Structure formats: C-alpha cells, structure tokens
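Residues per chain are reported as follows:
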Amino acid sequence: MAKPKFNLTASPTFKEPVAIPCPGGKSVNVEFTFKHRTKEEFKEFIDGLPNREDVDVIMDMASGWELDEPFDVDHVTKMSENYLGSARAIIETYMRELSGARVKN
C-alpha cells in the first residue's frame, strides 16, 4: 500500500469548492484557487481584516475561480452584489481550509 505523500513545504495555492448561496435556498459550488499562507502570514492577514471591503479581502486571498468570467475586481464585485452571501461563503471557506479547522478523510 502506497503511503500518502506529504511535503513540509506547502504548495503556494490550493483549490477548494465554495458553496455560493443563491436565492431560493439553493447553493452552487464554484471552485476557487486560494493563496496559501504560513501561520505568521495568516495571523497578519486576520489582523488586517477590520475595515477592509469584502472584495479587497477576496482578491487578497484568491487568485482565480472556475467561472468563465475573469477573476478580477469588477467580476468579484458583481458576484458579491448579485449574491449577497457569496463574500461571506468565500472568506469562511478560505479561513476554514487554511486553518485546518476541518479534517478531510
């Protein structure tokens, strides 16, 4: 049986689906490419969150998505304006994944 590979140097990015809440009680999964941070970088990121706009936070923690539209400020703004819970879902998914709050099997 092959042992899982584990590298002490984390990949600079990781992909994770985010359940974007849509009107009518449904959610749609959109895969985001998130930026990895070390423990110290993550602490600095968290400390810098107050008084930042959601779109700026999302642009700081992600580098892409699986949507046809480009991942840029205008399109992230459009998404957050049209889907009110999207920014919270993206930010919470990033923080949960990076902090290891959930263990996957």
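A few points on the structure. (Residues numbered from 1 in each chain as written. Predicted model: local features only at pLDDT ≥ 70, side-chain atom pairs only at ≥ 80, totals over all residues. Heavy atoms only, no water.)

1. Quick word on the pattern of salt bridges
Summed over all chains, the structure comprises 5 salt bridges. When salt bridges that share partners are traced, they join R37, R52 and D60 into one network. (Salt bridge = Lys/Arg side-chain N within 4 Å of Asp/Glu carboxyl O.)

2. Considering the environment of K78
If you trace the backbone, K78 turns up in helix α3 (residues 73-82). Among the residues examined, K78 registers a relative accessible area of 54% and is labelled exposed. In the structure, K78 is positioned 23 residues away from V55 in sequence and 9.7 Å away in space, judged by C-alpha atoms. (Helix = DSSP H or I, 4+ residues; strand = E, 2+ residues; numbered from the N terminus. Buried < 20%, exposed > 50% of the residue type's maximum accessible area, 1.4 Å probe, protein only.)

3. As for the packing of helix α2 (residues 54-61) against α3
At their nearest, the axes of α2 and α3 sit 10 Å apart, and the two run at 125 degrees to each other. The angle between α2 and α3 places the two elements in the oblique class. Every pair of crossing elements has a handedness; the one defined by α2 and α3 is right-handed. Contacts from V55, I58 and M59 in α2 reach V73, V76, T77 and S80 in α3. Of the residues that constitute the contact of α2 with α3, the class distribution is 5 nonpolar, 2 polar and no charged. (Axes fitted to C-alpha atoms, helices over the stretch in contact; angles between N-to-C directions. Parallel < 35°, antiparallel > 145°, perpendicular 65-115°, else oblique. Left-handed = near helix turned anticlockwise from the far one by under 90°. Contact = heavy atoms within 4.5 Å. Nonpolar A, V, L, I, M, F, W, Y, C, P; charged D, E, K, R; others polar.)

4. Some points on the packing of aromatic side chains
Think of a pair of aromatic rings as described by two things: how far the centres are apart, and how the planes are tilted against each other in angle. For the structure on display, the rule yields 8 aromatic pairs. A centroid spacing of 5.7 Å and a plane angle of 75 degrees characterise the contact between F45 and Y94, whose relative ring orientation is edge-to-face. Taken together, the positions of F45 in helix α1 (residues 39-47) and Y94 in helix α4 (residues 86-99) put the pair 49 residues apart, joining distant regions of the chain. Relative accessible area serves as the criterion here: at 0%, Y94 is assigned to the buried category. Here a set of aromatic residues connected by ring pairs shows up, and it is made of F14, F32, F34, F42, F45, W65, F71 and Y94. (Phe/Tyr/Trp six-rings, centres within 6.5 Å; stacked < 30°, edge-to-face > 60°.)

5. Thoughts on the pairing of strand β1 (residues 13-22)
Across 10 bridges, the pairing between β1 and strand β2 (residues 26-35) is antiparallel. Bridging across to β2, V18 finds its partner in V30. Counted along the chain from β1 to the antiparallel partner β2, the turn is 3 residues long, and its residue G24 has a positive phi close to 95 degrees. (Pairing = 2+ DSSP bridges.)

6. Brief notes about the packing of α1 against α4
Axis separation between α1 and α4 bottoms out at 11 Å; the angle between their running directions is 155 degrees. The angle between α1 and α4 falls in the class roughly antiparallel. Between α1 and α4 lies a crossing of left-handed hand. Packed against α1, whose contacting residues are F42, F45 and I46, the element α4 presents Y94, M95, L98 and S99 at the interface. Residue composition of the contact of α1 with α4, grouped by class: 6 nonpolar, 1 polar and no charged.

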